[in-house]
Amino acid sequence: MLQRAQKSLTGGVSSPFRAQAPVPLYFKDAVGARLLDVDENWFIDYTLGWGPNIMGYKHPELIDAVRWAAEGVHTFGAQHEMEFLVSEKLQSLVPCAERVAYTSSGSEAIQIVLRLARAATKRNLILKFEGHYHGWMDSTLLSYHPSAADVGPRESPNVVAGSKGQVPNANDNVIVVRWNSAEAVEEALQRYEIAAVVMEPVMCNSGGIPPMPGYLEKVRELCTAKGTLLIFDEVITGFRIGLGGAQGFFGVTPDLATFGKAMAGGVPLSAFAGRKDLMEMMLYNGVAFGGTFNGNPLAMAGAYATLNLLERGALWEASKIGAMLMNGIRDIADRHQIPVLLTGFPTAFSIHFTRRPDLREYRDLFDDDADVLRRFVVSMINEGVNVLPDGRFYTSAVHTENDIDETLSAVDKAMFQATM
Ligand SMILES: Cc1ncc(COP(=O)(O)O)c(C=O)c1O
């Protein structure tokens, strides 16, 4: 299938990130937390479509909702009831969501919040953190995974383009600092006129490194003092770390935030939300925004069903099972005396083969043993457990204790094989 696909579909994949997996597998079905490949192998799945499938696969309530929408109008390009049923739900869950708007991908959502921030502050520069991912577009794909040779001094990191063909002046609009250093943020805010600080409130795309205690509060305080807006990119943390996203979980409210992935349980949808005065700049203050598919009924039905399920206890289930898995993996590592750190939070965590006592910033990941991780991921897949190439595990509300037991047997073998 891969060979056939490569003749028409670039690289045989729909997103080049997927070609990084040790073997680009072809799937034909899935149910619950299990995926079936075309060779009839079942996998317990922790990739969950790179995050969205928080209700697992083919959840009956989600199917009913999307079927209902599929039998109706797929896109109005105009207003309908489902749009505000979902925005009301988001408003009730997410602290910063005085107003909400929809887009179709996380990359897109980030573009408009940066535009709003620049318009509102009449400043140009955006401060982002080394290792954080905010989509693939020119304005944000900077210093996401820079190499050790490219990063530059820790105190003033280089702004490293993530792609060939990126406009060279994208770098001029962004300041990069290290994650988890309030001093670095303070210094940058003193030195430059910054429109917004944008962050993944947990650095999920680079090893799941959480904010140090008090860090988010301090950044919030610094931003407020300088008239700089604070943006949380909650495309992963949204509806995974808590029903109110990271802002609800940590009790720090940004001015604007973006959401995607788990929000609609696998149906393509993203959103942004924030302060009314900022969001309404799109109506009254000349900030342009649009999108043919924004708020389409299929996406709204997916979000409405998923958010209701999560609220009714599904997120609690996904977190409980994730915590069980994390504890089990730690026990196995201890038993084999393999130095392992798990970072992140129960529904989205990462495994690190490292001798470091803790991980605080992107550069700490240079000490991870990448070869051991690669062997571990391949062994897990061979043992029937699907995890992301970077060692990330996403859990769903439908993983069972039985799935965890089977996964832990695979972890036991994979850890041994990877470190032999
Ligand atoms: C934190 C974060 N922001 C933005 C994006 C981009 O979202 P999308 O892939 O939907 O464009 C991602 C995707 O992984 C993400 O993890």
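Owing to the predicted nature of the structure, the values given are computational and were not obtained by experimental measurement. Here, residues in each chain are numbered from 1, in the same order as that chain's written sequence. Side-chain atom pairs in this predicted model are given and counted only at pLDDT of 80 or more, local residue features only at pLDDT of at least 70, and totals for whole chains, interfaces and linings cover all residues. Values reported for side chains reflect all heavy atoms of the structure, with hydrogen atoms and water molecules removed beforehand.

## Structural notes on the overall build of the protein
To qualify as a helix, a DSSP run of H or I must reach at least 4 residues; to qualify as a strand, a run of E must reach at least 2; elements of each kind are numbered from the N terminus. Counting its regular elements, the protein contains 12 helices and 14 strands. Each radius of gyration reported is based on C-alpha atoms, and the globular scaling rule is 2.2 Å times the count of residues to the power 0.38. Taking 22 Å as the expected radius of gyration for a compact globule of 420 residues, we find that the protein reaches 21 Å, a close match to that expectation. Projected onto the principal axes, the alpha-carbon positions of the protein cover approximately 55 × 55 × 45 Å. Whether a residue is buried, partly exposed or exposed follows from its accessible area with a 1.4 Å probe, protein chains only, as a fraction of its type maximum: under 20%, in between, or over 50%, in that order. Here the protein holds 420 residues, and 54% of them are scored as buried. By element, 52% of the accessible surface of the protein is carried by carbon and sulfur atoms, the whole surface being about 18,400 Å². Residues scored as charged are limited to Lys and Arg (positive) and Asp and Glu (negative), so that His and the chain ends carry no count. The atoms used to mark charge sites are NZ of Lys, CZ of Arg, CG of Asp and CD of Glu. Taking the 37 positively charged and 48 negatively charged side chains of the protein as two groups, their mean positions are separated by 3 Å. Each accessible area value is a Shrake-Rupley result obtained with a 1.4 Å probe; residue values ignore everything except the protein chains displayed when judging cover.

## What about the pattern of salt bridges?
Salt bridges, as used here, are contacts in which a Lys or Arg side-chain nitrogen is within 4 Å of a carboxyl oxygen on Asp or Glu. By the definition in use, this model includes 25 salt bridges. Within this structure, Arg220, Asp255, Arg275 and Asp277 form a network of salt bridges that share partners.

## Let's talk about the packing of helix H11 (residues 370-382) against helix H12 (residues 401-419)
Helix packing for two helices is described by the angle between their axes and how far apart those axes are. Angles run from 0 to 180 degrees between N-to-C directions of axes, and those axes are lines fitted to C-alpha atoms, restricted for helices to the stretch in contact. Remark: H11 packs on H12, axes separated minimally by 8 Å, with the N-to-C direction vectors making an angle of 140°. Of the possible angle classes, the one that applies to H11 and H12 is oblique. Considering how the two elements wind past one another, H11 and H12 form a crossing that is right-handed. In contact with Val372, Arg375, Phe376, Ser379 and Met380 of H11, H12 contributes Thr407, Ala410, Val411, Ala414, Met415, Gln417, Ala418 and Thr419. Residues that form the contact of H11 with H12 fall into these classes: eight nonpolar, four polar and one charged. Comment on the angle field: the value is read as roughly parallel under 35 degrees, roughly antiparallel over 145, roughly perpendicular from 65 to 115, and oblique elsewhere. For any pair of crossing helices, the crossing counts as left-handed if the nearer helix is rotated counterclockwise from the farther one by less than a right angle, and right-handed if it is rotated clockwise. Two residues form a contact once any of their heavy atoms are found within 4.5 Å. For this classification, Asp, Glu, Lys and Arg are treated as charged, while Ala, Val, Leu, Ile, Met, Phe, Trp, Tyr, Cys and Pro are nonpolar and the rest, including Gly, are polar.

## Description of the site of the ligand
Any residue with a heavy atom lying within 4 Å of a molecule or strand is counted as near it. All residues adjacent to the ligand are Ser105, Gly106, Ser107, Tyr133, His134, Gly135, Glu200, Asn205, Asp233, Val235, Ile236 and Lys261. Polar contact criterion, stated in full: a pair of N or O atoms within 3.5 Å, where within protein one must be able to donate a hydrogen and the other to accept it, and residues adjacent in sequence count only if both atoms are side-chain atoms. With respect to the ligand, the side chain of aspartate 233 contributes an N or O atom lying 2.6 Å from a nitrogen atom. Here an oxygen atom of the ligand sits 3.0 Å away from a polar atom, N or O, in the side chain of lysine 261. If the ligand stood free it would expose 390 Å²; the protein chains cover 82% of that surface. In terms of residue class, the shell around the ligand is made up of three nonpolar, six polar and three charged.

## Quick notes on empty space enclosed by the protein
The definitions used throughout rest on a 1 Å grid laid over the protein atoms alone, on which a cavity is an enclosed set of points accommodating a 1.4 Å probe that cannot get out and a pocket is an open set flanked by protein within 12 Å on both sides along at least five of seven lines; lining residues are those having an atom within 4 Å of a point. Grid points are joined across faces, edges and corners, and a volume is the space filled by probe spheres set on the points. One pass over the structure, following the stated rule, counts two cavities of 30 Å³ or more. Size it by volume and the largest cavity reaches roughly 50 Å³. Every residue lining the largest cavity is listed: Leu114, Arg118, Ile126, Lys128, His134, Ser139, Thr140, Val174 and Val198. Of all the elements in the fold, those that place two or more residues in the lining of the largest cavity are helix H4 (106-121) and strand S5 (125-129). For the lining of the largest cavity, the class distribution of residues is four nonpolar, three polar and two charged. Approximately 40 Å³ is the volume attributed to the second largest cavity.

## Observations regarding the side chain of threonine 228
Assignment of secondary structure puts threonine 228 in the loop between helix H6 (215-226) and strand S8 (229-233). Within the structure, threonine 228 has its side chain in polar contact with the backbone oxygen of isoleucine 194 (distance 2.9 Å). Sequence-distant contacts of threonine 228, defined by excluding residues within four places in its chain, comprise Arg123, Leu189, Ile194, Ala195, Ala196, Val197, Arg220, Cys223 and Asp255.

## Focus: unusual backbone geometry
For tryptophan 50, which is not glycine, the phi dihedral falls at a positive 65°. Secondary-structure assignment places tryptophan 50 in the loop between strand S3 (42-45) and helix H2 (60-70). For tryptophan 50, a relative accessible area of 25% puts it in the partly exposed group. We note that lysine 122 has phi near 55°; this positive angle belongs to a residue other than glycine. Its place among the elements puts lysine 122 in the loop between H4 and S5. Judged by relative accessible area, lysine 122 falls into the exposed class, the value being 76%.

## Concerning the sheet that holds strand S11 (residues 340-345)
With respect to topology, three strands assemble into an open sheet ordered S11-S12-S14, the strand pairing being antiparallel. The open sheet is flanked by S11 and strand S14 (392-394), the only strands paired with a single partner. The average undirected angle you get between the axes of adjacent strands in this sheet is 20°. Lying on the sheet, H11 is in contact with strand S12 (348-353) and S14; it crosses S12 at an angle near 125°. Think of it this way: DSSP has to see at least two bridges between two strands before they count as a pair.

## So, the domain arrangement of the protein
Partitioning the protein into domains gives domain 1 (2-59 + 313-419) and domain 2 (61-309). Here domain 1 and domain 2 have C-alpha centroids that lie 25 Å from each other. With 31 residues of domain 1 at the interface, the matching set in domain 2 holds 41 residues. The largest share of the area that domain 1 buries against domain 2 comes from His59, Tyr362 and Arg363, three residues that together contribute 25% of it. In this structure, arginine 363 and glutamate 130 form a salt bridge, with 2.7 Å as the shortest nitrogen-oxygen distance. The interface formed by domain 1 and domain 2 contains 18 residue pairs in polar contact (both at pLDDT 80 or more). Ranked by residues supplied to the side of domain 1 that touches domain 2, first place goes to helix H10 (residues 297-336) with four residues. Looking at the side of domain 1 that touches domain 2, its residues break down into 15 nonpolar, 11 polar and five charged. Note: domain ranges come from an automatic or database domain assignment. Once two parts are joined, some of their accessible surface, as seen by a 1.4 Å probe, is lost; buried area is that loss totalled over both.

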